[in-house]
Amino acid sequence: MQKAILVLNAGSSSIKFSVFRQNGGSDLELDSKGQIEGIGVRPRFSAKSASGEKLIEEEWEKKESGGHGRAFANLAAWLKGHYQDQVELAAVGHRVLHGGQEYAKPIRVDAKVMEKLRSFISLGPLHQPNNLAGIDAAMEETPEIPQIACFDTAFHRGREPVTDRFALPRKYEDLGVLRYGFHGLSYEYIARAIGEQAPHLADKRVVVAHLGNGSSMCALKNGRSYDTTMGFTALDGLCMGTRTGAIDAGVLLWLLQDQGMDAKQIETLLYKESGLLGISGGLSSDMRDLLESDDPKAADAVEFFVYRIVKELGALTAAMGGLDALVFTAGIGENSAEIRKRVVERASAFGFKLDAAANANGRGCITTESSTPEVWVIPTNEELMIAQHAANIVGL
Ligand code: ADP
């Protein structure tokens, strides 16, 4: 029987999943992927094969709606029916937002680890509880299968202390108020992909721009995280779909003291109503809509998005001591030639020489041969990274 790894990414009302099969050698190949959306309301389940062929699409209205537990039980039943006896699950790999200071690597979850992970809920209140609900559900339904937690923070551990620190009284650092950084599974995947696709850059200075709904940048030095734009939470740094990115903490004091807003209202404002959506006057958080719109506020949002990337590129380059390449990845980074062009043009101080045809094509190196630094587009694959980690831990 072929071995496989199930990868889960559990959100507040959704569970995304991927199944990776071990092919002839030790490589893992995507076999199917899908999601359950509308958990707790009216769950919808869909799955596709790796080639995009529809495997199932159904509403679970009639089935007990339930929470993550019910949703996972239904998923497990579908997997069993779909794969019959051809595939044996060797592990479930979970995407987990926060590993705190403790976890610099993925770990097999037991009750003790779960307890520790729950103590990080206050560090990621919007994501961590949902990620853990996914693990709880899988542990309950498939207790015999190893559950592996893979953290978005782990890749950033072990940096120089100066990059982790806030200028707060020391006792807050002791309480764990540090710049953890996120999107670590994406950056780890890109660091490995650079080793394969552009080995001449593997031990150089590279800034990776992960531009999606959530966006951040990471300075990679010798393939390791040197610094990154997200900090204590996934709110810091770049302008995102609905998140502010970096904001003067004085604004929060003003909102509290002068505008009478409470913490919950400020949380909603900062996480859900700001960023591209906020600047565009509520038009859209989706970069495609903004690029297509002729509303001046949409143009303002795009300009701000690009400006923040260029500014952070300068900061990370100076912090790391130079730049050999810029890599674009994630939804916007991989798909928008227009945003890449605008970033490169605005960052003219770096002297990038964009190859227009290569940029339009959107894969691999997109600068001319004489360009230093280079610019690359490398698609990220956080799910495969999680599957590989899980496979390593169970010795697959
Ligand atoms: P998430 O952070 O949710 O994983 P993704 O990495 O999937 O996000 O990125 C989603 C973003 O990618 C959306 O803002 C979407 O508009 C953008 N995007 C996808 N395709 C394009 C495109 N062709 N041009 C511009 N933006 C795109």
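Further up the page is the structure itself.
Looking at the pairing of strand β2 (residues 15-22)
- Burial runs high along β2: seven of the eight residues are buried.
- Both strand β1 (residues 2-10) and β2 contribute to a ladder of seven bridges, which runs antiparallel. Looking at β2, one finds that Ile-5 is bridged to Phe-20.
- Between the end of β1 and the start of β2, which pair antiparallel, lie four residues.
- Direction of pairing for β2 relative to strand β3 (residues 28-37): antiparallel, over a ladder of eight bridges. From the neighbouring strand, Phe-17 faces β3, where its bridge partner is Gly-34.

Examining the sheet that holds strand β5 (residues 54-59)
- The mixed open sheet is built from eight strands, whose spatial order is β5-β4-β3-β2-β1-β6-β8-β7. At either end of the open sheet lies a strand with only one pairing partner, and these are β5 and β7 (107-108).
- As paired strands, strand β6 (residues 87-96) and strand β8 (residues 147-151) are joined by five bridges and run parallel to one another. Across the sheet, residue His-94 finds its bridge partner in β8, namely Ala-149.
- Helix α3 (residues 128-141) rests against β1, β6 and β8 of the sheet, and its axis sits at about 160° to β6.

Focus: the pattern of salt bridges
- Inspection of every chain in the model, using the stated rule, returns 21 salt bridges.
- With a shortest N-O distance of 3.2 Å, Arg-21 and Asp-31 are connected by a salt bridge. Of this pair, Arg-21 sits in strand β2 while Asp-31 sits in strand β3, placing them 10 residues apart in sequence.
- One salt bridge connects Glu-102 with Lys-116, and the closest N-O pair in it is separated by 3.3 Å. Here Glu-102 is found in the loop between β6 and β7, whereas its partner Lys-116 is found in helix α2 (residues 111-118), with 14 residues between them in sequence.
- On the accessibility criterion, Lys-116 (31% relative accessible area) is partly exposed.
- A single salt-bridge network, built from bridges that share partners, covers Arg-95, Asp-152 and Glu-382.

Here's the deal with the site of the ligand
- By nearness alone, every residue bordering the ligand is listed as Gly-212, Asn-213, Gly-214, Ser-285, Asp-286, Met-287, Arg-288, Ala-330, Gly-331, Ile-332, Asn-335 and Ser-336.
- In the model, an oxygen atom of the ligand is placed 3.2 Å from a nitrogen or oxygen of the Gly-214 main chain.
- Met-287 is positioned such that a nitrogen or oxygen atom in its backbone is 3.1 Å from an oxygen atom of the ligand.
- Isolated, the ligand exposes 580 Å² of accessible area, and the fraction of that covered by the protein chains is 69%.
- For the shell around the ligand, the elements supplying multiple residues, two or more each, are α10 (287-292) and α12 (330-335).
- In terms of residue count, the dominant contributor to the shell around the ligand is α12 (four residues).

A short note on the sheet that holds strand β12 (residues 325-329)
- An order of β11-β10-β9-β12-β14-β13 is seen for the six strands of this open sheet, with the pairing classed as mixed. The strands lining the two open edges of the sheet, one partner per strand, are β11 (224-228) and β13 (364-365).
- By the bridge criterion, four bridges tie β12 to strand β14 (residues 374-377) in an arrangement that is parallel. When the bridges of β14 are listed, Phe-328 appears paired with Val-377.

Some points on the packing of α2 against α3
- Taken N-terminus to C-terminus, the directions of α2 and α3 make an angle of 165°; their axes are 10 Å apart at the nearest point. Classified by the angle between their axes, α2 and α3 sit roughly antiparallel to one another. Along this stretch, α2 crosses α3, giving a crossing that reads as left-handed. Across the interface between the two elements, Met-114, Leu-117 and Arg-118 from α2 touch Gln-128, Leu-132, Ile-135, Asp-136 and Met-139 from α3.
- Classifying every residue of the contact of α2 with α3 gives five nonpolar, one polar and two charged.

Topic: the pairing of strand β10 (residues 215-221)
- For β10, the tally of buried residues reaches six of seven residues, placing the bulk of the element in the interior.
- Sheet analysis places strand β9 (residues 205-211) next to β10, joined by seven bridges and oriented antiparallel. By the bridge assignment, Arg-205 is partnered in β10 with Lys-221.
- The turn linking β9 back onto β10 is made up of three residues.

The rules behind these values
- Residues numbered from 1 in each chain as written.
- Predicted model: local features only at pLDDT ≥ 70, side-chain atom pairs only at ≥ 80, totals over all residues.
- Heavy atoms only, no water.
- Buried < 20%, exposed > 50% of the residue type's maximum accessible area, 1.4 Å probe, protein only.
- Helix = DSSP H or I, 4+ residues; strand = E, 2+ residues; numbered from the N terminus.
- Pairing = 2+ DSSP bridges.
- Contact = heavy atoms within 4.5 Å.
- Axes fitted to C-alpha atoms, helices over the stretch in contact; angles between N-to-C directions.
- Salt bridge = Lys/Arg side-chain N within 4 Å of Asp/Glu carboxyl O.
- Near = heavy atom within 4 Å.
- Polar contact = N/O pair within 3.5 Å; in protein donor to acceptor, adjacent residues only side chain to side chain.
- Areas by Shrake-Rupley, 256 points an atom, 1.4 Å probe, with all protein chains shown as cover.
- Parallel < 35°, antiparallel > 145°, perpendicular 65-115°, else oblique.
- Left-handed = near helix turned anticlockwise from the far one by under 90°.
- Nonpolar A, V, L, I, M, F, W, Y, C, P; charged D, E, K, R; others polar.

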